[in-house]
Amino acid sequence: MEIIYAQNNLKLGQIAARWVAREILVCPNLVLGLPTGSTPIGMYQYLTLLYQEGIISFTQARTFNLDEYVGLTADHPQSYAFFMSEHFWSKVDLPIENADIPRGDVSDLAAECRRYDDAIQNAGGIGVQILGLGSNGHIGFNEPSHNMEIHTHVVDLTPATIRANTRFFSFSGAVPRQAITMGVGSIMRARKILLLVSGESKRDILSKTLYGPVSTEVPSSILQLHADLTVLTNIKLLR
Ligand code: GLP
């Protein structure tokens, strides 16, 4: 595991974007696993800049997003499809057919889960997975639980996640109660993982993630077992 310290959120975005850019330059047809949330916004902004400067291109890349809310259409402003379109897909030259995200608005969610896993497998699996960290240790929407799901699945969001994500909705009742998320299997099978963690409020969960016992109650702790994990954070952990 490598830990990279970023002085602030701005630097975190720049370093993350350069890290991803390096991967794209080495492997233009990279399969990228992508996160949403407030933490990666800076990374998407700097990736857009690097693209505009002609340094990188995504024409041969493929991307798979981690998760989506159940019940939200892609044009709902709080859907993750909308977020991706606003922050990344519409800003760079990634062919739209190369950008995949689970659909939370379909009637047959089980079929959508199977479709997503098949699509990831047909692409050869995730090469580089970028992750954010939920304040309860979720990765994607793999929530604390008694077990860990390997495959893409539908998950009931925990009260802590609903509370944390209420800030993006008008009121807590508007936050979807379920999500569809890539499983821990696809994440852990990625060749490389970059975990982005920003803000003092995540100090405790970051410490549990990296140095606590590996437990399904802290899903992110499984990342300790990954052979090529880079953690990029603006939190200085004393250890
Ligand atoms: C959301 C997403 C996660 C994300 C996390 C952290 O619930 N499902 O994929 O990593 O929350 O978000 P933020 O970066 O806004 O703290």
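Residues numbered from 1 in each chain as written. Predicted model: local features only at pLDDT ≥ 70, side-chain atom pairs only at ≥ 80, totals over all residues. Heavy atoms only, no water.

In the annotation of an unreviewed UniProt entry, the chain is listed under the name Glucosamine-6-phosphate deaminase and assigned to Candidatus Desulfosporosinus infrequens.

*Asks:* It is not clear to me how the site of the ligand should be interpreted in this structure. Could you clarify?
*Replies:* As a matter of local geometry, the ligand sits amid 14 residues, with S38, T39, D67, N165 and K202 nearest to it. The side chain of S38 places a nitrogen or oxygen atom 2.6 Å from an oxygen atom of the ligand. A total of 400 Å² of accessible area belongs to the ligand in isolation, and the protein chains cover 95% of it. In this structure the site holding the ligand corresponds to the largest pocket. Across the shell around the ligand, the residue classes break down as three nonpolar, eight polar and three charged. (Near = heavy atom within 4 Å. Polar contact = N/O pair within 3.5 Å; in protein donor to acceptor, adjacent residues only side chain to side chain. Areas by Shrake-Rupley, 256 points an atom, 1.4 Å probe, with all protein chains shown as cover. 1 Å grid on protein atoms, 1.4 Å probe; cavity = no way out; pocket = protein on both sides within 12 Å on 5 of 7 lines; lining within 4 Å. Sits in = over half its atoms within 2 Å of the grid points. Nonpolar A, V, L, I, M, F, W, Y, C, P; charged D, E, K, R; others polar.)

*Asks:* How do you make sense of the nonpolar core when you look at a structure like this?
*Replies:* Side chains that are nonpolar tend, in soluble globular proteins, to be buried together. Core analysis: the largest hydrophobic core is formed by 44 residues, its most contacted members being L32, M43, L47, F58, F88 and I130. Listing elements by their share of this core, those giving two or more residues are α1 (9-26), β2 (31-34), α2 (41-52), α3 (80-89), β6 (128-131) and β9 (192-197). Element by element, the count of residues in this core is highest for α1, at seven residues. Aside from chain neighbours lying at most four places away, what touches I130 is W19, V20, L32, G33, L34, P35, M43, L66, L194 and L196. Among the nonpolar cores identified, the runner-up in size contains 27 residues, and F64, A190, L195 and L229 belong to it. (Core = buried A, V, L, I, M, F, W, Y, C linked by side-chain atoms within 4.5 Å. Buried < 20%, exposed > 50% of the residue type's maximum accessible area, 1.4 Å probe, protein only. Helix = DSSP H or I, 4+ residues; strand = E, 2+ residues; numbered from the N terminus. Contact = heavy atoms within 4.5 Å.)

*Asks:* Sorry, what's going on with the pairing of β2 here?
*Replies:* Successive side chains on a regular strand alternate, one facing one side of the sheet and the next facing the other. The two faces of β2 match: V31 and G33 on one face and L32 and L34 on the other face are all buried. In this sheet, β6 lies alongside β2 in parallel orientation, the contact comprising two bridges. Paired with L32 across the two strands is V128, which belongs to β6. (Pairing = 2+ DSSP bridges.)

*Asks:* Please clarify how the environment of N29 should be interpreted in this entry.
*Replies:* As for its position among the elements, N29 is in the loop between α1 and β2. Between the C-alpha atom of N29 and that of L195, which follows or precedes it by 166 residues, the distance is 21 Å. Ignoring any residue separated from it by four or fewer positions in sequence, one finds N29 in contact with Q60 and A61.

*Asks:* Could you clarify how one ought to interpret the side chain of S198 in this entry?
*Replies:* Inspection of the secondary structure puts S198 in the loop between β9 and α7 (203-211). Its relative accessible area of 16% is what places S198 among the buried residues. Within the structure, S198 has its side chain in polar contact with the side chain of N234 (distance 3.2 Å). With sequence-adjacent residues up to four places away left out, S198 is seen in contact with N9, L12, T39 and N234.

*Asks:* Hey, could you run me through a nonpolar patch on the surface in this one?
*Replies:* Judged by side-chain polarity, M1, I3 and Y211 come together as a nonpolar surface patch covering roughly 280 Å² of accessible area. Mapped onto the elements of the fold, M1 is located in the segment before β1 (2-5). Since its relative accessible area comes to 53%, M1 is described here as exposed. (Patch = residues over 30% accessible without salt bridge, like charges linked within 9 Å, V, L, I, M, F, W, Y side chains within 5 Å. Salt bridge = Lys/Arg side-chain N within 4 Å of Asp/Glu carboxyl O.)

*Asks:* How do you make sense of the side chain of S221 when you look at a structure like this?
*Replies:* Here S221 is to be found in the loop between α7 and β10 (229-233). Every residue in contact with S221, bar those within four places of it in the chain, is listed here: K208, T209, P213, V214 and S215.

*Asks:* Even after reading the chapter, I still don't get the layout of surface pockets, so can you show me in this structure?
*Replies:* Think of a ball as big as a water molecule: rolled over the atoms, this probe shows where empty space is left. In this model, the largest pocket occupies a volume close to 700 Å³. If you trace the largest pocket, you find 38 residues lining it, with T36, G37, S38, R167 and F168 closest to the centre. Elements supplying a minimum of two residues to the lining of the largest pocket: β4 (67-69), α3 and α5 (159-165). Counting residues per element, the lining of the largest pocket draws most heavily on α3, which supplies five residues. Across the lining of the largest pocket, the residue classes break down as 16 nonpolar, 18 polar and four charged. Within this model, the second largest pocket holds a volume of roughly 190 Å³. What lines the second largest pocket is D117, D118, I120, Q121, G124, G125, I126, H151, S186, R189, A190 and R191. (Points joined across faces, edges and corners; volume = space filled by probe spheres on them.)

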